[in-house]
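# Residue-level structural notes
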Amino acid sequence: MSAVCVVIVGAGPTGLTAATLLGQYGVECLLLERWESVYPQPRAVALDDEVHRILARLGLREEFAAISRPHRGLRLVDRSMRVLAEFRRDGEHGRHGYPEGSMFDQPELEAILRGNLRRYSSVTLRGGTEVTALTQQAGGVRVDVTDRTTGTRYHVVADYVLGCDGASSLTRAAVGATMQDLRFTQRWLVVDVATDVDLGHWEGVHQVCDPVRAATYMRVGRTRYRWEFRLTPGETDEDYRDITHLRPLIMPWTGDTPAEELHILRVAEYTFRGQVADRWRDRRVFLLGDAAHLTPPFIGQGMSAGLRDAMNLAWKLAGVLDGTLPDTVLDTYQIERQAHARAMIRLAILLGTAMTGGGRLGNIIRRVVTPRWRLIPGLRQKVMHSTTPALRRSALVLRQRLRRSLAGTLCPNAVVEGAGRFDDVAAGRFALVTSIVPSAAQRAEIERRGAVMVAAPPGSQLHQWLMQGGACAAVVRPDGTVMRARRDLRGLGAALP
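The sections below set out a description of the structure shown in this document. (Residues numbered from 1 in each chain as written. Predicted model: local features only at pLDDT ≥ 70, side-chain atom pairs only at ≥ 80, totals over all residues. Heavy atoms only, no water.)

### Remarks on the sheet that holds strand S23 (residues 482–486)
The line we're drawing: Two strands are counted as paired when DSSP detects at least two bridges linking them. Every helix listed is a DSSP run of H or I at least four residues long, and every strand listed is a run of E at least two residues long, numbered separately from the N terminus. Think of each axis as a best-fit line through the C-alpha atoms, taken over the contacting stretch in the case of a helix, with angles from 0 to 180 degrees between the N-to-C directions. Contact between two residues is taken to exist if any of their heavy atoms lie within 4.5 Å; hydrogens are not considered.
Within the open sheet, the 4 strands sit side by side as S21-S20-S22-S23. Their pairing is mixed. The open sheet terminates on both sides in strands that have one partner only, identified here as strand S21 (452–455) and S23. On average, each strand axis in the sheet is inclined to that of its neighbour by 20°, with strand direction left out of account. Sitting on the sheet, helix H13 (residues 461–468) is in contact with strand S20 (431–434), S21, strand S22 (473–476) and S23, with an inclination near 85° to S20.

Right under this line is the structure:
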């Protein structure tokens, strides 16, 4: 038997992100993964600038830029490939300093996440291990493990366990959580193809709006392309495993490219679902990623939601473990993340249904209505920009009901004069962003609490952000979320933990 502060079950992107963030705080972690090395099949392919910002926080700014490809947004087309509407995104620098949308290969991302993890001596990654049981006991959690190579069985006792073990989560079963169905289930064919031929299409996501054969196309890398096709009743992935049968589906994009130039990397059938776990925590055990929520891929938020979970929870857990935060702050994890995840899943379902549902009548309506979608302010904001909803009120999101506030939103990763960007200055600490010069006593209080002060001088991006939010100062948490905002500094120093 051995003891460790945190055991993380599952070394996918969510588990690796949680382990890295905890490692940055010096927390001792054991990361257990059933696969010996990176799972080789491509799965997730897209993320937004909010999640790109998380990867930069992990220390992967340059590495991710080297393996990713900015995309220009979303283009809606009909079955004849006629463009119905186009929603562009900033392919250079959004409000967080990164492209608003990026394409990547998940195995490559996991490889750089694993390599980066070696920088933290407090974190151990153990592959080829199967977690077989979790048992909560006085003061900790017993984790039963089997070595998949030797068959050796042993157990570890952890202060906390993070279940990042995917859709078929053992951790979810152990905490007695069930998945709440948001009434969306569709069978889709997912195809990855490599070719040295440049197919020459618009460098964004193409969504074919067709109730019979809805489809999605995107260029993932220099030589890699992804298609997703909704399967009709009776079809399976076995019908499309060779290029002869697959080619009629992808021909609208590949044209007369010779079949021998198209190399199938993967053909797989997926059932896209919309589900959220009813509980994300049982005492010392937490659910993250696909263990807690499943989303259709229409807005590219599947993997991203898991990284948001890790970013939300890691700093809170580190604070509880080192005694700087009360353990009651852990109650805010489900309050904040469950509502946010559900909102994003409902948006994905709404857009997916609007783009692919309704039969022949739906097609007729889309031809008329879709070109005007971009004129609808609320919809245009949701599709064209990567900003996600504010977090719900909690003990760490302090705002009055029914009043506009920056609390719960992300502070932009703005350029700070002479110091890089906001995240470089905050460096994982609480920060007070202010356009008001604090008094000597207020400055001393901020420093005494271990926070950093970030000035927002007139004309700066941070100053404009405060003004637009009706505030002059804001307390920003280590995950970049605004905890509290005011028109003056009164009470903000005391709000800092």
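### Remarks on the nonpolar core
Inside soluble globular proteins, nonpolar side chains tend to come together where they are buried. Short version of the rule: The term nonpolar core refers to a set of buried residues drawn from Ala, Val, Leu, Ile, Met, Phe, Trp, Tyr and Cys, joined through side-chain atoms within 4.5 Å. The classification of residues rests on relative accessible area computed with a 1.4 Å probe and restricted to protein chains. Under 20% of the type maximum is buried, over 50% is exposed, and intermediate values are partly exposed.
One finds Val6, Val7, Ile8, Leu22, Val161 and Leu162 to be the most contacted residues of the largest nonpolar core, which totals 103 residues. No other element matches helix H7 (residues 302–321), which puts 10 residues into this core.

### Here's the deal with the sheet that holds strand S4 (residues 69–70)
Two orientations exist for strands paired in a sheet by backbone hydrogen bonds: parallel and antiparallel. As summarised here, the arrangement of the 3 strands in space is S3-S7-S4, forming an open sheet in which the pairing is antiparallel. Where the open sheet ends on each side, the last strands, each with one partner, are strand S3 (46–48) and S4. In the sheet, S3 pairs with strand S7 (residues 101–103) via 3 bridges, with the strands oriented antiparallel. Looking across to S7, one finds that Leu47 is bridged to Ser102. Sheet strands in contact with helix H2 (residues 49–57) are S3 and S7, and its direction is about 90° off that of S3.

### A short note on the side chain of Thr146
With respect to the secondary-structure elements, Thr146 resides in strand S10 (residues 140–147). Judged by relative accessible area, which is 18%, Thr146 ranks as buried. Excluding its chain neighbours within four sequence positions, the residues that come into contact with Thr146 are Gly128, Thr129, Glu130, Thr132, Gly151, Thr152 and Arg153.

### Regarding the environment of Val83
With respect to the secondary-structure elements, Val83 resides in strand S6 (residues 83–88). Look at Val83 and you get partly exposed, because its relative accessible area is 41%. Sequence spacing of Val83 and Val425 is 342 residues, and the spatial spacing of their C-alpha atoms is 44 Å. Those residues in contact with Val83 that sit more than four places away from it in its chain are Arg75, Leu76 and Val77.

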